[in-house]
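Structural overview
So you can see what is in the structure, the chains are spelled out below.
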Amino acid sequence: MNIEVEVNGVGYSRDIEPRMLLVHFLRDEIGLTGTHWGCDTTNCGTCVVWMDEVPVKSCTVLAAMAAGHSVRTVEDLEQNGTLDPVQQGFMEMHGLQCGFCTPGMMMTARWLLDHNPDPSEMEIREAISGQICRCTGYENIVRAIRWAAEHSGEPADKAGEVMA
Amino acid sequence: MQVPAPVDYERALSLDHAIELLERYGPDAKIIAGGHSLLPMMKLRLLQPEVLIDLNNVTDLGYIKVESNEMRIGALTRHSELLESPIVSEHFPIISEAERVIADPVVRNRGTVGGSLCQADPSEDLAAVFSALKASVVLRGSKGTRVVPVREFHSGPYSTVIDPGEILTEIRVSLSSPCGSAYKKVERRVGDWAIAAVGVVLRVSNSRADDVGIGLTAVGAEHYCAYEAEEFLVGKELSEETINECARIAAENCNPSADQRGPVDYKRHLVEVLTFRALGKAVARCKGGSQ
Ligand SMILES: Cc1cc2nc3c(=O)[nH]c(=O)nc-3n(C[C@H](O)[C@H](O)[C@H](O)COP(=O)(O)OP(=O)(O)OC[C@H]3O[C@@H](n4cnc5c(N)ncnc54)[C@H](O)[C@@H]3O)c2cc1C
Ligand code: FES
Ligand code: FES
């Protein structure tokens, strides 16, 4: 079947099998490999993307169900060479080691901060409770998200500097 | 890599359209709502429907409203919406407390109330909640609409009385009955299915229980319900003694099986402790105590 999906503000049209999962559509059909694919069982959360502005586990959504809807992936966090404060927080606070869980963690973190700009440690832990990190022990992920909360209003060029 | 077997996809654009599609494709078609139970089962080939009928774009099936002294919940309402609803948190702590421990926040963004009830997983939390609340469900098919009590809706593990051509459209909960309710669950880790869980709804007059609902999940209770324990408590003075006895009866009459979540006697013990605690909390709420 043919589907049209808007991903990160760009429209894509592809012929797919109806059984294709959204995570495979993003990675294999349109080449956005930032979204990772891990457990396959809706447990690890590395595949989290936004669908219609809400975080979902893309291994448990059919690409066909996303047709006509908008999807946002980790590739959309950085804008014009400027990192999102969440991305910068992960750098500053060493919020990743292997990086496998990171895209899902960042998409959930961005959504949390958009709805609760000053979350407590418990609120952060609750928000990422459906996502598994096998490296960091979560402590630095929580610190990274707190860092982003504390630096969200800062001028963009500070983040740009880190990129350079 | 786990993916479903080949399947066709149809998108329902309205409730009538969904019913028409179910009619057209017959028993080989399945409704897909959140897909968070159905797709995992399809990945494991536990289910192999030929056609999926996507309900997600029938957005007028997602609502929580008050009508005719009932709270009415549209089948497509997501877990997260139930958790955030002021109507729910004001009237039904049992629902809020259960939703807080159903899966994780990202799964709750997608899974629906209707899907939860239709899935009829023996460990489903909302099945126990709505059984305790003595709620009913509205089923609609090409032949008309019927309203079925939740306690008659589930007919066993993973099975319900819904006809292949029917769609669950709404859950109805009376707003007049409860004056105190609570939900208690024990799981192995955050976000996991229950080892055992208990939901309690009480109405009290002159410090006696005049209406009691006790729902159980994951412990093999018929219709997710502790009938004997309810029957015992109705009309009794709510003392520590009667609550204790009620909890003991609930534990004695459920039917858990041993699995990777624990042996039978452990689960029975959990039912007793959780029933006692949930009743205690509900009684405190009836007295206008703390949330
Ligand atoms: C990782 C994980 C953890 C979970 N943990 C818990 C937990 O702790 N407790 C708990 O209770 N649940 C848990 N769940 C289940 C979760 O709540 C599911 O979302 C829910 O059971 C099913 O809802 P759904 O909308 O995804 O249904 P779907 O998967 O879309 O459908 C389930 C079944 O119901 C049918 N159906 C759906 N909607 C309708 C309708 N309106 N009319 C007729 N038939 C319909 C479908 O055909 C299918 O057979 C968990 C799920 C996951 C993935
Ligand atoms: S790959 Fe989707 S939750 Fe693990
Ligand atoms: S950084 Fe390795 S899994 Fe999280």
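It should be emphasised that the depicted structure is a prediction, and the values quoted were computed from it without experimental measurement. (Residues numbered from 1 in each chain as written. Chains lettered and ligands numbered in written order. Predicted model: local features only at pLDDT ≥ 70, side-chain atom pairs only at ≥ 80, totals over all residues. Heavy atoms only, no water.)

Residue-level contacts link 32 residues of chain B with 32 residues of chain A. By the criterion of area lost to chain A, the three top residues of chain B are Tyr9, Val106 and Arg110 of chain B, representing 22% of everything that side buries. Inspection of the region where chain B meets chain A yields two salt bridges. Applying the counting criterion to the chain B and chain A interface returns 12 residue pairs in polar contact (both at pLDDT 80 or more). (Contact = heavy atoms within 4.5 Å. Buried area = accessible area lost by both parts, 1.4 Å probe. Salt bridge = Lys/Arg side-chain N within 4 Å of Asp/Glu carboxyl O. Polar contact = N/O pair within 3.5 Å; in protein donor to acceptor, adjacent residues only side chain to side chain.)

This paragraph deals with the site of ligand 1. The full set close to ligand 1 counts 33 residues, and Ile31, Gly35, Leu38, Thr112 and Asp125 of chain B are the nearest of them. Site remark: ligand 1 is flanked by residues from chains A and B. Glu124 of chain B has a polar side-chain atom sitting 3.0 Å from an oxygen atom of ligand 1. One nitrogen or oxygen atom from the main chain of Leu168 of chain B is found 2.9 Å from a nitrogen atom belonging to ligand 1. When ligand 1 is considered free in solution it has 970 Å² of accessible area, and contact with the protein chains removes 95% of it. It is helix H7 (residues 113-119) of chain B that provides the largest number of residues to the shell around ligand 1, a total of four residues. The residue inventory of the shell around ligand 1, partitioned by class, reads 15 nonpolar, 13 polar and five charged. (Near = heavy atom within 4 Å. Areas by Shrake-Rupley, 256 points an atom, 1.4 Å probe, with all protein chains shown as cover. Helix = DSSP H or I, 4+ residues; strand = E, 2+ residues; numbered from the N terminus. Nonpolar A, V, L, I, M, F, W, Y, C, P; charged D, E, K, R; others polar.)

The next thing to look at is the pairing of strand E2 (residues 29-32) of chain B. Along any regular strand the residues' side chains alternate between the sheet's two faces. Residue and element names in this part refer to chain B. Two elements, E2 and strand E3 (residues 51-54), share four bridges in a ladder whose sense is parallel. Counterpart to Lys30 in the pairing with E3 is Leu52. Once the chain exits E2 it traverses helix H2 (residues 38-43) before rejoining the sheet at E3, and the crossover so formed is right-handed. (Pairing = 2+ DSSP bridges. Right-handed = clockwise from strand over helix to strand, strands pointing away.)

We now examine the nonpolar core. Residue and element names in this part refer to chain B. Counting 36 residues, the largest nonpolar core has Ile94, Ile95, Phe130, Leu133, Val137 and Ile171 as the members making the most contacts within it. Within the residue set of this core, elements represented by two or more residues are strand E5 (70-74), helix H5 (93-99), H7, helix H8 (125-132), strand E6 (136-141), helix H9 (150-153), strand E10 (167-174) and strand E12 (194-205). If you tally residues by element for this core, the top one is H8, at six residues. Among residues more than four places away in sequence, those in contact with Leu133 are Phe92, Ile94, Ile95, Val173 and Val201. (Core = buried A, V, L, I, M, F, W, Y, C linked by side-chain atoms within 4.5 Å. Buried < 20%, exposed > 50% of the residue type's maximum accessible area, 1.4 Å probe, protein only.)

Per-residue confidence for chain B gives a mean pLDDT of 96; residues scoring 70 or more make up 99%. Confidence estimates for the predicted assembly give a pTM of 0.96 and an ipTM of 0.94. (pLDDT = per-residue confidence, 0-100.)

This brings us to helix H3 (residues 85-92) of chain A. Residue and element names in this part refer to chain A. Of all the eight residues making up H3, six are buried; the element is thus mostly covered by neighbouring parts of the structure. Buried residues of H3: Pro85, Val86, Gln87, Gln88, Gly89 and Phe90, and no others. Looking at where H3 begins, the residue whose side-chain oxygen comes 2.8 Å from the main-chain nitrogen of Val86 is Asp84.

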